[in-house]
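Below are the chains, spelled out letter by letter.
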Amino acid sequence: MAASIVKRVSRVKKLNISHISARYKLLTGFRHFSTSKQWNKALVLGVYENESTDSIDFTGTARKFDEKADGKISQLLLTVKKPLKCGKTRTLHAVDPEFSSVLVTCIGKRGEGYDELETVDKGRESIRAAVAKAVLQLRELGENEIEVDSCGDTEASAEGCHLALFSYDDLKAEKSRKPAVRISCATRYSQDKNSMEKEWRKGAILAEGQNLSRRLMEMPANLLTPTKFAEIVKEQLADKCEVLVRDKDWAESMKMGSFLSVARGSVEPPVFLEIEYKGRQSDSPLALVGKGVTFDTGGISIKPSQGMDAMRGDMGGAACVAGSLLSVSKLQLPVHVKAFIPLCENMPSGSATKPGDVVTAMNGKTIQVDNTDAEGRLILADALCYSEQFNPSLILDMATLTGAIDVALGAGAAGVFTNSENMWNKLQKASVRSGDRVWRMPLFNHYTKKITECQLADLNNIGGSRSGGACTAAAFLKEFVNNKNWLHLDIAGVMSNSGDVAYLGKGMSGRPTRTVIEFINLMSKETNN
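Residues numbered from 1 in each chain as written. Predicted model: local features only at pLDDT ≥ 70, side-chain atom pairs only at ≥ 80, totals over all residues. Heavy atoms only, no water.

1. A look at the UniProt feature "domain: Cytosol aminopeptidase" (unreviewed entry) in the protein
Right, on to step 1. The feature "domain: Cytosol aminopeptidase" (unreviewed entry), as given by UniProt, occupies residues 371–378 in the numbering adopted here.
Right, on to step 2. This span, residues 371–378, is 38% helix and 0% strand, and a straight line between its end C-alpha atoms measures 11 Å. (UniProt positions renumbered as here; feature names shortened; annotations may be inferred. Helix = DSSP H or I, 4+ residues; strand = E, 2+ residues; numbered from the N terminus.)

Structure (structure tokens):
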């Protein structure tokens, strides 16, 4: 009896060992590959969400690679009896001699497009998020060269990769920095490589513009003064744009009393940047205006100390203008753009503007400054007035202007105030393509009354109460604009990312740079038709 039991146990052990060995070879894709060189190259492949446990719905690139690998990818995925859901991944090793890792990422359901309720192209957003997660996982594995599946939308795939891999760690020790990763598109399986490479380059350039915005917003204020901001932007844009750096004396000569009133409290001199990109000849350029407060303490109306370090990003509007121009110039869009960026710090000191002071803007309107922490609108007022001198076809300004817009919309969308239905429709269309949403806010006369009922001057820089703060701020700016195509983007709510956008890491977001680039692209096509 005992001998019989021992014999049966021995046979079971042999069967289990044989089964485990076969399963191991299948799961690892075991082959006798050469180990003469260190593998550091990976491949990202896309699959669509599929409820079936008997088949895999590959993208075109993934299907061709699976065929090249003798069906090994599909075998391995089907071995795990759990279909991939959108955003989930599987990492495979040693399935191909060229790649040390092959990561399969689920890009959602096939055929997904515009979602009217979400006001976003879900297909493009799913691709951005899926490839972003994939390249980050591969970087953690030590891969330093990654080929990425276009996943049916090469531009979106490139955006997701390059945005995800951004990190501002310039000031950290070398060992603490994220390793560099070289990203390319897996074009070898495409019949139209030239078109795919062109779209990949466009996506990379769009991401590069937003990443410049993020880098500028992340830089500590002691390293990014108004003067240093101007130097960096001139260096980045000098090849394609004309950059004029105006000083305090120039601003005084232009009677920019509103702008200069904010700069008074700081030892750092104010700077006014004027940038021109001429992709085509035009007497009516597109005007971009960006708030450039490189650090905002609130001035005499000082902010609470908690979270004040984030106010290094209060030049987000200026950063997004710079990032937009970088991409517009690299894409060589046939459009004429003029940009205006007032730069200064808002600091408390013996020379700072005091609550109740009255200053005079460039257009002659007087302003009672009841809250020195409502400074962004003061510097934008003169920049908007100055931009009008160039007969622009439209004016688009961006500013981290109010905490009220953050309360209203959070990180879900940038708030847009405009006097043009046509311009709103175009901007909203651009945001659908970029995935970086905008939401229209009211510009009623109701709010104008709140800032024109003023005891000492023509205007008050605050609305008298906390109600409708983003709307009264926009109403204030409206007093300095005559253009019939004006858009004001309050981007305070989208200034930073804390997990809201899957393909942006934590920190300053650089939003809505890509939406503005897409908007300019749409406008360039319209003016050239």
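2. Here we look at the pairing of strand 12 (residues 336–346)
Right, on to step 1. Burial analysis of strand 12 places 11 of its 11 residues in the buried class, the great majority of the element.
Right, on to step 2. Covered by surrounding structure in strand 12 are His336, Lys338, Phe340, Pro342, Cys344 and Asn346 together with Val337, Ala339, Ile341, Leu343 and Glu345, the residues of both alternating faces.
Right, on to step 3. With eight bridges connecting them, strand 9 (residues 271–278) and strand 12 associate as antiparallel partners. Across the sheet, the residue bridging to Glu274 is Phe340, located in strand 12. (Buried < 20%, exposed > 50% of the residue type's maximum accessible area, 1.4 Å probe, protein only. Pairing = 2+ DSSP bridges.)

3. Remarks on the packing of helix 6 (residues 193–218) against helix 10 (residues 316–330)
Right, on to step 1. Here helix 6 crosses helix 10 at 155 degrees, and the two axes come no closer than 8 Å. Of the possible angle classes, the one that applies to helix 6 and helix 10 is roughly antiparallel. The way helix 6 lies across helix 10 gives a crossing that is right-handed. Each of Arg201, Ile205, Leu206, Glu208, Gly209, Leu212, Ser213, Leu216 and Met217 in helix 6 lies in contact with helix 10, whose residues at this interface are Gly316, Ala319, Cys320, Ala322, Gly323, Leu326, Ser327 and Lys330.
Right, on to step 2. Per-class residue counts for the contact of helix 6 with helix 10 are nine nonpolar, five polar and three charged. (Axes fitted to C-alpha atoms, helices over the stretch in contact; angles between N-to-C directions. Parallel < 35°, antiparallel > 145°, perpendicular 65-115°, else oblique. Left-handed = near helix turned anticlockwise from the far one by under 90°. Contact = heavy atoms within 4.5 Å. Nonpolar A, V, L, I, M, F, W, Y, C, P; charged D, E, K, R; others polar.)

4. Quick word on the pattern of salt bridges
Right, on to step 1. By the definition in use, this model includes 35 salt bridges.
Right, on to step 2. Arg124 is paired through a salt bridge with Glu155; the nearest N and O atoms lie 3.3 Å apart. Placement of Arg124 in helix 4 (residues 122–140) and of Glu155 in helix 5 (residues 154–164) is noted, with a sequence separation of 31 residues between them. Taken as a pair, Arg124 and Glu155 share a single burial class, namely buried.
Right, on to step 3. In this structure, the salt-bridge partner of Lys365 is Glu479, at a minimum N-O distance of 2.9 Å. Note that Lys365 is positioned in the loop between strand 13 (357–360) and strand 14 (366–369) and Glu479 in the loop between helix 15 (469–478) and strand 19 (486–490), a separation of 114 residues in sequence.
Right, on to step 4. Using a relative accessible area of 24% as the deciding quantity, one classes Lys365 as partly exposed.
Right, on to step 5. Counted as one network, the salt bridges with shared partners bring together Arg124, Asp153, Glu155, Lys202, Arg433 and Glu518. (Salt bridge = Lys/Arg side-chain N within 4 Å of Asp/Glu carboxyl O.)

5. Looking at helix 16 (residues 513–527)
Right, on to step 1. Given a rise of 1.5 Å per residue, 15 residues ought to cover 21 Å, and the 21 Å separating the end C-alpha atoms of helix 16 matches this to within 8%.
Right, on to step 2. When we look at burial in helix 16, the residues that qualify are Thr513, Arg514, Thr515, Val516, Ile517, Glu518, Phe519, Ile520, Asn521, Met523 and Ser524. (Expected span 1.5 Å × (residues − 1).)

6. Things to note about the sheet that holds strand 18 (residues 459–460)
Right, on to step 1. Spatially, 13-14-18 is the arrangement adopted by the three strands of the open sheet, whose pairing is mixed. Edge strands, defined here as strands with exactly one partner in the open sheet, are strand 13 and strand 18.

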